[in-house]
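Given next are the chains, with one letter for each unit.
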Amino acid sequence: MHTSTSTIAVAALAFLLYSSQLSDILLAMSRKIVTCVSLCLGFGVGAQRNSSSILEVNPLQQPYPYYFPPQNRENSTALFSMPTCQGIALEEATIDQLSGYMSDGLLTSAQLLRCYLKRVHQVDDYIKSIIELNPDAEDIAIALDAERAAGHIRGPLHGIPFIVKDNFATKDKMETTCGSWMLLGSIVPRDAHVVAKLRQAGALLLGKATLSEWADMRSNNYSEGYSPRGGQARSAYNLALNPGGSSSGSAVAVAANVVPFALGTETDGSVINSAERNALVGIKPTVGLTSRAGVVPESEHQDSVGTFGRTVHDAACAFDAIHGMDARDNYTLAQKGKVSSNGYMQFLTNRFALENATFGIPWESFWIYTDEEQQSQLLSIVSAVKGAGATVINNTEIPNRKLTVSPDGWNWDFGTTRGYPNESEYTVVKVDFYNNIKSYLSELENTNIRSLEDIVAYNYANDGTEGGHPWPQGVPAFYSGQDGFLASLETKGVMDEAYYQALTFTQKATREDGIDAALKNNGRPVDVLLAPSDVGQSYQLSAQAGYPVITIPGGVHSRSGMPFGLALMGTAWSEATLLKWASAIEDLQLSTEGLPKRTLPKWYNYKERNIPVPFLDP
């Protein structure tokens with residue numbers, strides 16, 4: 001067969017396998033054919049040239065290669081040094097760099113996948129970022145390589161590995177359990193819409209990420225990042241402390257260079273908090289800009305699908321692939337006419353654009369709640385931004401902050417704390433969850449779990465693993481048992497007067513009377529608000545409003561090694577503006593000596609196995 005003809009034939013078969021999921025027999029046949037042709041045509045040359053010497057090892061004379069962390073490198077970035085891949089350094093490699101290596105023939109997607117899987121085996125016993133690996137990943141990688149060889153490149157994510165939180169449905173051989181044993185073996189009707197879009201874009205699903213079980217809905221006193229099925233996710237920056245949740249595994253994996261990017265979900269902080277505590281860029285978009293169809297729900301009014309990357313570009317590249325309308329999520333129809341039809345990558349810029357920026361500092365609303373070291377590092381970034389020509393206006397406050405911003409930290413029942421449950425976010429979420437989870441479960445097959453009542457009963461029946469009762473009767477990770485579920489169960493999903501009053505109050509108080517009012521700033525408008533993203537009240541306000549937030553790395557605490565971030569807060573559908581200024585500030589950070597920026601983890605307390613992890617750092 002002529003070379004070009006065979007390449008096209010293999011690519012066509014691979015395309016059918018990837019998009020239509022033919023039988024395992026055909027998949028196995030294709031894999032053998034593609035492998036054979038790969039060697040003949042040369043896309044296996046790199047693998048032959050850089051082949052491992054493992055088979056040449058004489059175990060009587062020398063050991064096999066191993067990755068155990070040397071104790072003399074404790075508390076340093078070198079503790080888990082990342083091996084090269086075909087002679088190429090993958091650590092901190094960007095999506096563009098990885099794509100370039102594949103375009104230049106230096107790497108194939110299959111080789112890249114294998115190297116990231118080696119990274120999983122190297123570090124994941126420590127950080128528990130992956131709950132399950134995709135058994136079809138290598139077959140998909142080979143198919144994607146065949147497409148590339150035939151000249152069919154789906155886009156910048158073609159062949160790039162990624163993971164999704166274990167609350168995203170995937171119609172494949174992987175489970176979708178939200179971290180609970182009770183959904184093991186359940187069958188989802190289809191891929192989550194955003195997962196399907198990433199597959200279409202050529203991204204390679206490596207596996208599922210660990211998470212806080214049920215995305216933190218089940219308990220109000222719990223160990224962030226823990227689930228019975230996945231165990232305790234741990235940040236590589238300090239394994240003994242809160243890794244950020246509930247999208248813990250997604251963020252931890254990207255931060256530890258297990259994958260280049262990941263998806264997470266946020267109801268109130270679960271993207272932004274996870275990102276900032278792992279020195280990542282996190283994008284939490286406007287509710288309705290990314291479809292929630294096929295994602296285990298919490299609250300239809302606040303749930304949003306977001307992305308994690310080590311750079312603004314990488315997080316934005318993933319976000320660009322998943323946003324858009326979806327008939328299965330009618331909230332997404334609201335974006336029509338309000339967003340760019342040409343995507344968001346066009347809005348990324350550099351530090352020189354800052355001379356046209358105007359930023360607001362809501363000092364009394366958020367900044368006063370930062371510790372001294374964090375405040376100092378974040379203000380050095382703000383000072384540099386001002387030095388680059390930006391206008392920075394202080395005291396651009398949330399006008400009604402006494403009603404919406406808890407002085408005691410993140411509190412999604414702050415209305416009830418003030419004596420007004422009809423002004424509480426939690427009043428809304430409790431009712432939404434009862435109804436939304438029932439709708440999600442109704443589409444599953446091969447399971448008897450159909451309602452919140454079933455969920456609660458299962459946890460009680462399996463107290464030793466699922467912690468249905470409070471500690472010490474249950475498990476220490478769920479100190480308060482399943483009090484979140486019980487609070488939701490008590491509502492029976494009834495949308496009563498208190499529910500609608502709370503919904504109206506929280507949205508109006510955080511939108512036109514809150515963030516929008518601060519942006520207008522009494523006639524001196526600002527482009528975005530800059531806030532410390534480690535102050536949970538900042539992302540909580542945006543969560544209730546359904547507004548977007550982007551966090552970028554802002555520094556690291558010297559004592560704990562835990563990172564924190566700088567948040568950019570905007571109004572509805574303002575992702576283009578947020579991305580513009582986030583990319584400009586990031587460029588300034590990277591080009592300015594001594595300015596705080598993303599740094600690699602030092603793996604503090606890498607042998608610790610404490611459960612629960614504390615909410616607050618020492």
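Every value quoted in this text rests on a predicted model; they were computed, and no experiment measured them.

Cut-off values and rules
Residues numbered from 1 in each chain as written. Predicted model: local features only at pLDDT ≥ 70, side-chain atom pairs only at ≥ 80, totals over all residues. Heavy atoms only, no water. Axes fitted to C-alpha atoms, helices over the stretch in contact; angles between N-to-C directions. Helix = DSSP H or I, 4+ residues; strand = E, 2+ residues; numbered from the N terminus. Parallel < 35°, antiparallel > 145°, perpendicular 65-115°, else oblique. Contact = heavy atoms within 4.5 Å. Nonpolar A, V, L, I, M, F, W, Y, C, P; charged D, E, K, R; others polar. Disulfide = S-S within 2.5 Å. Buried < 20%, exposed > 50% of the residue type's maximum accessible area, 1.4 Å probe, protein only. Pairing = 2+ DSSP bridges. Right-handed = clockwise from strand over helix to strand, strands pointing away. Salt bridge = Lys/Arg side-chain N within 4 Å of Asp/Glu carboxyl O. Phe/Tyr/Trp six-rings, centres within 6.5 Å; stacked < 30°, edge-to-face > 60°. Lys NZ or Arg CZ within 6 Å of the ring centre and 35° of its normal. Arc of directions from axis to C-beta. Core = buried A, V, L, I, M, F, W, Y, C linked by side-chain atoms within 4.5 Å. pLDDT = per-residue confidence, 0-100.

Here's the deal with the packing of helix α7 (residues 193-200) against helix α10 (residues 312-322)
Packing of α7 against α10 brings their axes to within 8 Å, and their N-to-C directions diverge by 105°. Judged by the inter-axis angle, α7 sits roughly perpendicular to α10. Seen from α7, the contacting residues are V194, K197 and L198; seen from α10, they are A318, A321 and I322. Tallied by class, the residues present in the contact of α7 with α10 amount to five nonpolar, no polar and one charged.

Some details on the state of the cysteines
Per the counting criterion, the structure on display carries one disulfide. Sulfur-sulfur distance for the disulfide between C85 and C115 comes to 2.1 Å. Its torsion about the S-S bond being 85°, the disulfide of C85 and C115 is classed as right-handed. Placement of C85 in the loop between α3 (45-49) and α4 (95-103) and of C115 in helix α5 (residues 109-127) is noted, with a sequence separation of 30 residues between them.

Some points on the pairing of strand β2 (residues 161-165)
The buried count for β2 comes to five of five residues, which makes it a mostly enclosed element. Where β2 meets strand β3 (residues 204-209), five bridges bridge the pair, whose relative direction is parallel. Bridge pairing in β3 links V164 to K208. Running through α7, the crossover from β2 to the neighbouring parallel element β3 is right-handed.

A look at the pattern of salt bridges
Between side chains of opposite charge, a pair can form as their charged atoms come close. For the coordinates displayed, the defined rule picks out 19 salt bridges. Residue R114 is joined to E138 by a salt bridge in which the shortest nitrogen-to-oxygen separation is 2.9 Å. Within this pair, whereas R114 is found in helix α5, its partner E138 is found in helix α6 (residues 137-149), the two being separated by 24 residues in sequence. Residue R114 is classed as partly exposed on the basis of its relative accessible area of 35%. The partner of E132 in a salt bridge is R229, and the shortest N-O contact between them spans 2.9 Å. Of this pair, E132 sits in strand β1 (residues 130-133) while R229 sits in the loop between β4 (226-227) and β5 (231-232), and the two are 97 residues apart along the sequence.

Notes on the sheet that holds strand β10 (residues 391-394)
As summarised here, the arrangement of the 11 strands in space is β1-β3-β2-β6-β8-β7-β12-β13-β11-β9-β10, forming an open sheet in which the pairing is mixed. Bordering the open sheet on either side are β1 and β10, each of which pairs with just one other strand. Shown here is a sheet whose adjacent strand axes are inclined to one another by a mean of 30°, direction ignored. Direction of pairing for strand β6 (residues 261-266) relative to strand β8 (residues 304-309): antiparallel, over a ladder of six bridges. Looking at the pairing, A262 lines up with F308 of β8.

So, the packing of aromatic side chains
One pass over the full model with this rule turns up 16 aromatic pairs. Between the aromatic rings of F80 and Y126, the centroid separation amounts to 4.9 Å while the plane-to-plane angle is 65°, which identifies the pairing as edge-to-face. Taken together, the residues F80 in the loop between α3 and α4 and Y126 in helix α5 connect sequence positions 46 residues apart. Here F80 matches Y126 in class, with each residue buried. Grouping aromatic residues by their ring pairs yields a cluster made of F80, Y126, W603 and Y606. Seen from the ring of F478, R218 lies directly overhead, with NZ or CZ sitting 3.6 Å from the centre. A cation sits over an aromatic face here: R418 above F414, 5.4 Å from the ring centre.

Here we look at helix α15 (residues 452-461)
Among the residues of α15, L452, I455, V456 and N459 are the ones counted as buried. The arc that holds every buried residue of α15, seen down its axis, measures 95°, which confines them to one face. Buried positions along α15 lie against α14 (425-442), α16 (463-466) and α17 (483-491).

Focus on the nonpolar core
Within soluble globular proteins, side chains that are nonpolar tend to cluster in buried spots. In terms of nonpolar packing, the biggest core is built from 91 residues, with L90, I127, F168, L198, V258, F261 and W603 touching the most fellow members. Here the element with the most residues in this core is α5; it accounts for nine residues. Counting residues in hydrophobic clusters, the runner-up holds 38 residues, among them A316, Y344, A357 and A582.

A word on the environment of L263
Tracing the chain through its elements places L263 in strand β6. When the C-alpha positions of L263 and F168 are compared, they lie 8.9 Å apart, and in sequence the two are 95 residues distant. Once you skip the residues sitting within four places of it in the chain, L263 turns out to touch I163, V164, K165, F168, V194, L198, S250, V305, G306, T307, F308 and I322.

Thoughts on the packing of α14 against α15
Running from N to C, α14 and α15 cross one another at 90°; their axes reach a closest spacing of 9 Å. With respect to α15, the element α14 is oriented roughly perpendicular. Facing F433, Y434, I437 and L441 of α14, the residues of α15 in contact are L452, E453 and I455.

Observations concerning the confidence of the model for the chain
Per-residue confidence for the chain gives a mean pLDDT of 92, with 91% of residues at or over 70. Of the regions scoring below 50 in pLDDT, residues 1-52 engages in 54 contacts with residues more than four places distant in sequence or in other chains.

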